[in-house]
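This is what each chain is made of:
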Amino acid sequence: MTTTQSAKAQLLRSLHTPGTPLALANAWDVASARVIESAGASAIATTSAGVAWSLGSPDGDVLARDQALGLISRVAAAVAVPVTADIEGGYGQDAAEVAETITGVLAAGAVGVNIEDGTRAPDELATRLAVARRSAERAGVELFLNARVDTYLLGLGDPATRLEETLARARRYVDAGADGIFVPGVSDTATIAALAEDVSVPLNVMAGPGAPSVAELGALGVARVSLGPGVAQAAYAAARRAARELFDTGDYDSLSGGITFPELNALLSESR
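Attention here is on the structure that accompanies the text. (Residues numbered from 1 in each chain as written. Predicted model: local features only at pLDDT ≥ 70, side-chain atom pairs only at ≥ 80, totals over all residues. Heavy atoms only, no water.)

As summarised here, the arrangement of the eight strands in space is 1-8-7-6-5-4-3-2, forming an open sheet in which the pairing is parallel. Pairing within the sheet leaves two strands with one partner each, and these edge strands are strand 1 (22-24) and strand 2 (44-45). As paired strands, strand 6 (residues 180-182) and strand 7 (residues 203-206) are joined by two bridges and run parallel to one another. Counterpart to Ile181 in the pairing with strand 7 is Leu203. (Pairing = 2+ DSSP bridges. Helix = DSSP H or I, 4+ residues; strand = E, 2+ residues; numbered from the N terminus.)

Rendered as structure tokens:
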């Protein structure tokens, strides 16, 4: 751990304030991270889906750990703000392999991670979180450990008891060492308010079209708002529109409004 990494870890932790959420437009490569940073980001979060797609893999614990760590290292070296990495389920088959992933993430320069439960049993993620916490403590880094609860995103269990199950998982994950709880897939204000009231650590939600604004989410008690893979999806949609226009009509109007070549080139020329 370096003094700079320690300072970034403390800064990332301080940015999680209920009422004034940390807003994260998730990046998937160095260029997107530099563009997002230049737009005013106070931290950079990666999107595991966007990272996997950019490296030729589908999302869902398919990407090789070394590829993920290489991307995290490049992003962390390219920006001046703290980096938190989405590492899916931990890029490992068991707790020991997750510990190796965390060691690699910290060596890459990141100071936060997301680890998700997905369809795993809650006890399995709790074990992974506990191992991640111990690994960070051994490295001397105040890693911000964000536990993702996928009950709403994946529609797990009985809808009538989903909130109760989500809160039970959140308590289990906090006890295991989580610093934050991420509940993607929920946008109705009543559920978000209930989560914010009962989750004892900073609450993270994923936003997109139709979701409450960042200010509205802050008023509900949310401490972190992520766009997840949304920015990457929009970028790939722009590529598809340009290609279809070129192939179908031979026109190029969809290229208007892009970042200019000199501006984008300059962003990648600046040293960090």
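On to the packing of aromatic side chains, then. The tally for this structure, following the rule as stated, stands at two aromatic pairs. Taking the centre distance of 6.4 Å and the plane angle of 45° together, the rings of Trp28 and Tyr236 count as tilted. With a gap of 208 residues between them, Trp28 in the loop between strand 1 and helix 2 (30-38) and Tyr236 in helix 10 (residues 230-248) connect regions that are remote in the sequence. With a relative accessible area of 11%, Trp28 lands in the buried category. (Phe/Tyr/Trp six-rings, centres within 6.5 Å; stacked < 30°, edge-to-face > 60°. Buried < 20%, exposed > 50% of the residue type's maximum accessible area, 1.4 Å probe, protein only.)

Take the pairing of strand 4 (residues 112-116) next. The element strand 4 is extensively covered by neighbouring structure, given that five of its five residues are classed as buried. Burial of the side chains of strand 4 extends over both faces: Gly112, Asn114 and Glu116 are buried on one face and Val113 and Ile115 on the other. Two elements, strand 3 (residues 83-86) and strand 4, share three bridges in a ladder whose sense is parallel. Looking at the pairing, Thr84 lines up with Gly112 of strand 4. What joins strand 3 to strand 4 is helix 5 (residues 95-108), and the crossover it makes is right-handed. Pairing geometry for strand 4 and strand 5 (residues 144-148), over five bridges, is parallel. When the sheet's bridge partners are listed, Asn114 is paired in strand 5 with Asn146. As a crossover connection, the stretch from strand 4 through helix 6 (residues 122-139) into strand 5 is right-handed. (Right-handed = clockwise from strand over helix to strand, strands pointing away.)

A word on the nonpolar core. Soluble globular proteins tend to bury their nonpolar side chains together. Ranked by internal contacts, the top residues of the largest apolar core, which has 70 residues, are Ile44, Ile87, Ile102, Ile115, Leu129, Tyr173 and Ile181. If one sorts the elements of this core by residue count, helix 4 (residues 65-78) sits on top with seven residues. Setting aside residues no more than four positions away along its own chain, Ile115 makes contact with Ile87, Glu88, Gly89, Gly90, Ile102, Leu125, Leu129, Ala132, Leu145, Asn146, Ala147 and Arg148. (Core = buried A, V, L, I, M, F, W, Y, C linked by side-chain atoms within 4.5 Å. Contact = heavy atoms within 4.5 Å.)

Considering the arrangement of structural elements, one finds Leu227 in the loop between strand 8 (224-226) and helix 10. On the basis of relative accessibility, which here comes to 33%, the residue Leu227 falls in the partly exposed class. The spatial distance from the C-alpha of Leu227 to the C-alpha of Phe144 is 18 Å, given a sequence separation of 83 residues. Beyond its immediate stretch of four places on either side in the chain, Leu227 contacts Leu24, Ala25, Asn26, Met206 and Ala207.

A separate point is unusual backbone geometry. Positive phi, close to 50°, is recorded for Glu88, a residue that is not glycine. The topology assignment puts Glu88 in the loop between strand 3 and helix 5. In this structure, Tyr91 takes a positive phi of about 50° despite not being glycine. Structurally, Tyr91 can be placed in the loop between strand 3 and helix 5. A relative accessible area of 9% places Tyr91 in the buried class.

Okay, the pairing of strand 3 next. Residues Val83 and Ala85 of strand 3 are buried on one face, and the alternating residues Thr84 and Asp86, pointing to the opposite face, are buried as well. Where strand 2 meets strand 3, two bridges bridge the pair, whose relative direction is parallel. Considered in strand 3, the bridge of Ile44 is made with Val83.

Now for the pattern of salt bridges. Enumeration according to the criterion identifies eleven salt bridges in this entry. Asp61 is the salt-bridge partner of Arg120, the closest N and O atoms lying 3.1 Å from each other. With Arg120 in the loop between strand 4 and helix 6 and Asp61 in the loop between helix 3 (48-54) and helix 4, this residue pair connects regions lying 59 residues apart in the sequence. The partner of Arg172 in a salt bridge is Asp123, with the nearest N and O atoms 2.2 Å apart. You can see Arg172 sitting in helix 7 (residues 162-176) and its partner Asp123 sitting in helix 6, a full 49 residues away along the chain. Residue class for Arg172 comes out partly exposed when judged on its relative accessible area of 38%. Through salt bridges that share partners, Arg13, Arg133, Glu142 and Asp179 make up one connected network. (Salt bridge = Lys/Arg side-chain N within 4 Å of Asp/Glu carboxyl O.)

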